[in-house]
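Survey of secondary and tertiary structure
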Amino acid sequence: PRVNTHIDGFWIDEFETTNADFERFVEASGYVTLAERDSAGGAVFENGQWRLDPTATWRTPFGADGPHAQPHQPVVQVTHADALAYARWRGRDLPTEGEWEAAARGGIAGAEYAWGSSSRLEDGRPGANHWQGVFPVLNTDEDGFPTLAPVGCFPPNPYGLYDMPGNVWDVTLRRGH
C-alpha cells in the first residue's frame, strides 16, 4: 500500500550487484551462501511454475543443468543474510524498503512505472527486462532477454540508477548518508 514517509538523504549504488562483484566477495572472504549450505538450493521458474532445486545457487542460478552465472548479470539465488554479508564486506548496508522505493522512482512521484505512466519507453521499447506476454504461459522476450539481462543495458532512471525495476529481485547497496 502507498504510504507517505520521510526519507533522509543517502547514497545508493548505480548498478545491481553483478556475479563478478559477488564472486570477488566469496573469494576474498570464503563466504558460503545459504543455497550452497547443505544443498539448500533455490527456487527456479520452469514450465510456468516455480520449483525448489537443490542445485540452484548464485553460481548455477537455474540449477546444475541450466546456464551458469555470467559475470555481467545480476547475482541471484542469494538470501537477505547473504546480501547483508556482502554489503557489510563492502562497508555498506542494504537500503530500507522506503529508501529503495525512493531510489527506484528516481524522483517521479505517482507514476505507475519508474520512468512514467506507460510500460514502454518513449521510443516504444520495453522499459525494463520483465515478462512480456501472458504470464506464465507465454513470454515473447520482446525485450531481448528470456531470463536475466546484463546489468545496465536499459536506460537509467532520472537519478542515474540502472535496472531498478525489472530484471531480478535486487541486491543494490546503500552507501550511507
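Please refer to the structure higher up on the page.
The structure contained in this document is the topic of the report that follows. The structure presented is a predicted model; accordingly, all values stated were derived computationally and were not measured.

Description of the side chain of Asp 53
When you line up the elements, Asp 53 lands in strand β2 (residues 49–53). The exposure class assigned to Asp 53 is buried, which follows from its relative accessible area of 8%. There is a polar contact of 2.6 Å between the side chain of Asp 53 and the side chain of Thr 55. Here Asp 53 is in contact with Gly 41, Gly 42, Val 44, Phe 62 and Gly 63, once residues within four sequence places are set aside.

Remarks on the packing of aromatic side chains
Evaluated as defined, the whole model comprises 13 aromatic pairs. Ring plane angle 75° and centroid distance 5.6 Å describe the contact between Phe 25 and Tyr 86, whose orientation is recorded as edge-to-face. Here Tyr 86 lies in helix α2 (residues 80–89) and Phe 25 lies in helix α1 (residues 19–29), a separation of 61 residues in the sequence. For Tyr 86, a relative accessible area of 1% corresponds to the buried category. Plain terms: the ring middles of Phe 45 and Trp 131 are 5.7 Å apart, the flat faces sit at 90° to each other, and that makes the pair edge-to-face. You can see Phe 45 sitting in strand β1 (residues 42–46) and its partner Trp 131 sitting in the segment after α3 (97–105), a full 86 residues away along the chain. Aromatic rings pair up to connect Phe 22, Phe 25, Tyr 31, Trp 58, Tyr 86 and Trp 89 into one cluster.

Some words on the pairing of β2
Here β1 pairs with β2 via five bridges, running antiparallel. Note on β2: the bridge partner recorded for Phe 45 is Trp 50. Linkage of β1 to β2, two consecutive antiparallel strands, is achieved through a turn of two residues, within which Asn 47 is found at a positive phi near 55°.

Structural notes on the pattern of salt bridges
Counted by the stated rule, this structure contains nine salt bridges. Measuring nitrogen to oxygen at the nearest pair gives 2.6 Å for the salt bridge that ties Asp 21 to Arg 24. With Asp 21 and Arg 24 both in helix α1, this residue pair falls three residues apart, about one helical turn. With a closest N to O distance of 3.1 Å, Glu 36 and Arg 59 form a salt bridge. Of this pair, Glu 36 sits in the loop between α1 and β1 while Arg 59 is found in the loop between β2 and α2, placing the two residues 23 residues apart along the sequence. Linked through salt bridges whose partners overlap, the residues forming this network are Glu 46, Arg 51 and Asp 53.

Some details on α3
Taken together, the buried positions of α3 are occupied by Glu 99, Ala 103 and Ala 104. Around the axis of α3, the buried residues are gathered within 130° of arc, so they sit on the same side. In the segment just after α3, Gly 106 is the residue with positive phi, at about 60°.

Describing the environment of Gly 152
Within the fold, Gly 152 resides in the segment after α3. Along the sequence, Gly 152 and Val 75 sit 77 residues apart, while their C-alpha atoms lie 13 Å from each other. Leaving out residues up to four positions away in the same chain, Gly 152 has contacts with Phe 15, Tyr 162 and Asp 163.

Calculation notes
Residues numbered from 1 in each chain as written. Predicted model: local features only at pLDDT ≥ 70, side-chain atom pairs only at ≥ 80, totals over all residues. Heavy atoms only, no water. Helix = DSSP H or I, 4+ residues; strand = E, 2+ residues; numbered from the N terminus. Buried < 20%, exposed > 50% of the residue type's maximum accessible area, 1.4 Å probe, protein only. Polar contact = N/O pair within 3.5 Å; in protein donor to acceptor, adjacent residues only side chain to side chain. Contact = heavy atoms within 4.5 Å. Phe/Tyr/Trp six-rings, centres within 6.5 Å; stacked < 30°, edge-to-face > 60°. Pairing = 2+ DSSP bridges. Salt bridge = Lys/Arg side-chain N within 4 Å of Asp/Glu carboxyl O. Arc of directions from axis to C-beta.

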